[in-house]
Amino acid sequence: MSKIIRIGTRDSELALWQANTVKEKLESFGHKATLVPVKSTGDLQLDKPLYELGITGIFTKTLDIAMLKGEIDIAVHSMKDVPTTLPKGIVKGAVLERANHLDILAYKKNEEFLAQPDAIIATGSLRRKAQWLNRYPTHTVVDLRGNINSRYQKLKDNNWNAAIFAAAGLNRIDLQPENTIGLTWMVPAPAQGAILVVANEKDSFSREACAELNHEPTETCTYLEREFLRILEGGCTAPIGALATIDEDTVTLKGVLLTTDGKKKLEAEFSAPLGKHEFLGRDCANSILSRGGKLLMNEIQGATLKTHIFSTKDLTPNQRQHFKAGIRVKSQDFIKISPNRIPATLLKTEIENVILTSKNAVEALLTHRTGNDLQFKNIYCVGRKTKRFIESRLGPVRHQEKNAKKLAEYLIEYLEGTEVTYFCSNLRMDDLPNILTENNIKVNEIEAYTTKPAGIEISDHVEGILFFSPSTVQSYLHKNRPDKVAYCIGETTANEARKSFKDVRVAKIPTVESVIDLVNENYSH
């Protein structure tokens, strides 16, 4: 009597579909098989993104253990979830013919958000997140975990514009979202769309049975993609994509490596005749490594180390280097700026007194008219950098102060006239308009731009936060507790921080570098 092959599988709808497909194929060759569903750590722990769980082969480990204990004979996996090195005692049994390898964007209503600066996209994949932000840097990407059905339901239930899925997964469970776009520009995960069957190395019967299912072209392509991944030392914690294709007698491999924020991207593409393609994975990986890939991988891997300081403003490379050795820093803009529409008639007329308290206001104005077209007689501003920017783009500044309150106090004494036009944000502070109004100066407020919170949850390991405006403090507090040291660029920002933080420290002068100096002087690790 022939052996009944026990097929280990996760118990999600997609995993069961894949396992049943293998079962049917084995039975078509005259074998007997049965399914043994097993839950994995990746299925059980849904409160964190995959890359934060820090386990290699999170969806395969439980099945590996079950096979080595003799509880199952073979296991069926989405090949992209399988580590490039299999555990000792477990070998590849078969690679089934690959389905659609594309990533699919499922969206609500219409596609207008793709052309807009603000949109929310959901995905639990670091690779998809990095490639999306590389193409749409102003969008927000939120984490999305669970099986395909639950992820699609979350898209419906939340105020997201879209979510990214694997086309193969949607097709296999016959889930057909109403609105989809094939992301042909996005490089898929290595082996995406392929199914891998693994077997116990000592089980010759199951191995021979599985060999009958193998699809050689898919095996060739997925080997090259996974070799590229292996050499780059990637996995769930690095944004790596790879796709190999066979066109007649030519094999082509395209690979990509990005930083987790999508700001840096390295690509390589090589082709070789079929039969002489063995080293394409190596050549692609080495090309990327030789062009800055090693530094980029170190940056990605360093991001997994505990962060000491977090900046609520994205820092330049030079600013990062300004920190003393040993201080690990991460940064991200905690506010997003969107220019508002300003009536054309207002900007066509001469304005006697104009107040500008930030570069953002200047940039918002310049989206409507050139500096030469704006007829501003007297310009008053806050901050030396703002002054330099105004004078390079609009014209001379009549007077500059270090904060809004001091500027208001100056204007009470020296303003020519009794009326000002204040180009500000929707989140502007009250000091300046209140002081001027109390002293019989009319303030015409124009919301030139909108400031929106864009904060993220910060790790408990972080000890200090860098703040550069009151709005960044407010954005931080949307998702975090005020239990760290607040390093502030000036008194206005510090006053906002003092409403919540116990330990607030203020830079000597209002520059990014001065805030960093403050950290260097006060932080010990």
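Residues numbered from 1 in each chain as written. Predicted model: local features only at pLDDT ≥ 70, side-chain atom pairs only at ≥ 80, totals over all residues. Heavy atoms only, no water.

Trainee: Help me understand the pairing of strand β21 (residues 442-453) in this model?
Mentor: Sheet faces and side chains relate simply in a regular strand, where the side chains alternate between the two faces. Bridge analysis of strand β16 (residues 335-339) against β21 gives five bridges, and the strand direction is antiparallel. Across the sheet, K336 pairs through a bridge with K452, a residue of β21. Bridge count for strand β20 (residues 419-425) against β21 is seven bridges, and the pairing is parallel. Its bridge partner being in β21, Y422 is matched across the sheet by E445. (Pairing = 2+ DSSP bridges. Helix = DSSP H or I, 4+ residues; strand = E, 2+ residues; numbered from the N terminus.)

Trainee: It is not clear to me how the packing of aromatic side chains should be interpreted in this structure. Could you clarify?
Mentor: A ring pair, where both rings are aromatic, is described by two values, the distance of the centres and the angle of the planes. With the rule as written, the count across this model stands at 12 aromatic pairs. When the centroid spacing of 6.3 Å and the interplanar angle of 70° are considered together, the rings of Y152 and F165 count as edge-to-face. Taken together, the residues Y152 in helix α6 (residues 148-157) and F165 in strand β8 (residues 162-166) connect sequence positions 13 residues apart. Residue Y152 shares its accessibility class with F165, and that shared class is buried. Among the aromatic residues, ring-to-ring pairing joins F310, F334, F467, Y476 and F501 into one connected group. The ring of F389 carries the charged tip of K359 above its face, separated from the ring centre by 5.0 Å. (Phe/Tyr/Trp six-rings, centres within 6.5 Å; stacked < 30°, edge-to-face > 60°. Buried < 20%, exposed > 50% of the residue type's maximum accessible area, 1.4 Å probe, protein only. Lys NZ or Arg CZ within 6 Å of the ring centre and 35° of its normal.)

Trainee: Whenever I open this one, the environment of N161 confuses me. Can you help?
Mentor: In this structure, N161 sits in the loop between α6 and β8. Each C-alpha atom, one on N161 and one on A119, is 6.2 Å from the other, the two residues being 42 residues apart in sequence. Contact partners of N161, with chain neighbours within four places excluded, come to A106, Y107, K108, F113, A119, I120, I121 and L155. A polar side-chain atom of N161 sits 2.8 Å from the main-chain amide nitrogen of I120. (Contact = heavy atoms within 4.5 Å. Polar contact = N/O pair within 3.5 Å; in protein donor to acceptor, adjacent residues only side chain to side chain.)

Trainee: How should I be thinking about helix α18 (residues 491-498) in this particular structure?
Mentor: Since the α-helix turns once every 3.6 residues, residues separated by three or four places project in the same direction. All buried positions along α18 are accounted for by T493, A494, E496 and A497. End-on, the buried residues of α18 take up no more than an arc of 160°, which puts them together on one face. Next to the buried residues of α18 lie β22 (464-467), α17 (470-477), β23 (485-488) and β24 (504-506). (Arc of directions from axis to C-beta.)

Trainee: Can you help me understand the pattern of salt bridges in this one?
Mentor: Pairs can form between side chains of opposite charge whenever their charged atoms are close. Applying the stated criterion across every chain yields a total of 25 salt bridges. A salt bridge links D73 to K3, with the nearest nitrogen and oxygen atoms 3.3 Å apart. Note that D73 is positioned in the loop between α4 (61-68) and β3 (74-78) and K3 in the segment before β1 (4-9), a separation of 70 residues in sequence. Assessed through its relative accessible area of 31%, K3 is described here as partly exposed. Salt-bridge contacts for D103 lead to R127; the nearest nitrogen and oxygen are separated by 2.9 Å. One end of the pair, D103, is in strand β5 (residues 103-107); the other, R127, is in helix α5 (residues 126-135), with 24 residues separating them in the sequence. (Salt bridge = Lys/Arg side-chain N within 4 Å of Asp/Glu carboxyl O.)

Trainee: In this structure, what is going on with the nonpolar core? I would like to understand it.
Mentor: Note that soluble globular proteins tend to have their nonpolar side chains buried in a common cluster. In this structure, F228, L232, I240, L253, L257 and I288 are the most contacted members of the largest nonpolar core, which totals 24 residues. Listed by contribution, the elements that provide at least two residues to this core are α9 (216-232), β11 (240-247), β12 (250-258), β13 (265-273) and α10 (280-302). Sorting elements by how many residues they give to this core places α10 first, with eight residues. With sequence-adjacent residues up to four places away left out, L253 is seen in contact with L224, E225, F228, A242, L243, A244, A268, E269, F270, L280, G281 and C284. Listed in part, the 21 residues of the second largest apolar core include I342, V354, F389 and L394. (Core = buried A, V, L, I, M, F, W, Y, C linked by side-chain atoms within 4.5 Å.)

Trainee: Is there a simple way to think about the packing of helix α13 (residues 359-366) against helix α14 (residues 384-393) in this case?
Mentor: The description of two packed helices rests on the angle between their axes and on the distance between the axes. In the contact formed by α13 and α14, the axes pass within 9 Å of each other and the chain directions differ by 20°. Taken together, the axis directions place α13 and α14 in an arrangement best described as roughly parallel. The segment α13 lies against α14, with K359, V362, E363 and L366 engaging K385, T386, F389, I390 and R393. Taken together, the residues that form the contact of α13 with α14 break down as four nonpolar, one polar and four charged. (Axes fitted to C-alpha atoms, helices over the stretch in contact; angles between N-to-C directions. Parallel < 35°, antiparallel > 145°, perpendicular 65-115°, else oblique. Nonpolar A, V, L, I, M, F, W, Y, C, P; charged D, E, K, R; others polar.)

Trainee: Any chance you could explain α14 here in plain terms?
Mentor: Looking only at α14, the buried set comprises T386, F389 and I390. In a view along the axis of α14, the buried residues occupy a sector of 100°, so they form one face of it. When the buried face of α14 is taken as reference, the exposed residues oriented beyond 90 degrees from it are R388 and S392. Each element contacted by the buried residues of α14 is listed here: β17 (351-356), α13 and β18 (376-382). One or two steps after α14, the chain reaches G395, where phi turns positive at roughly 150°.

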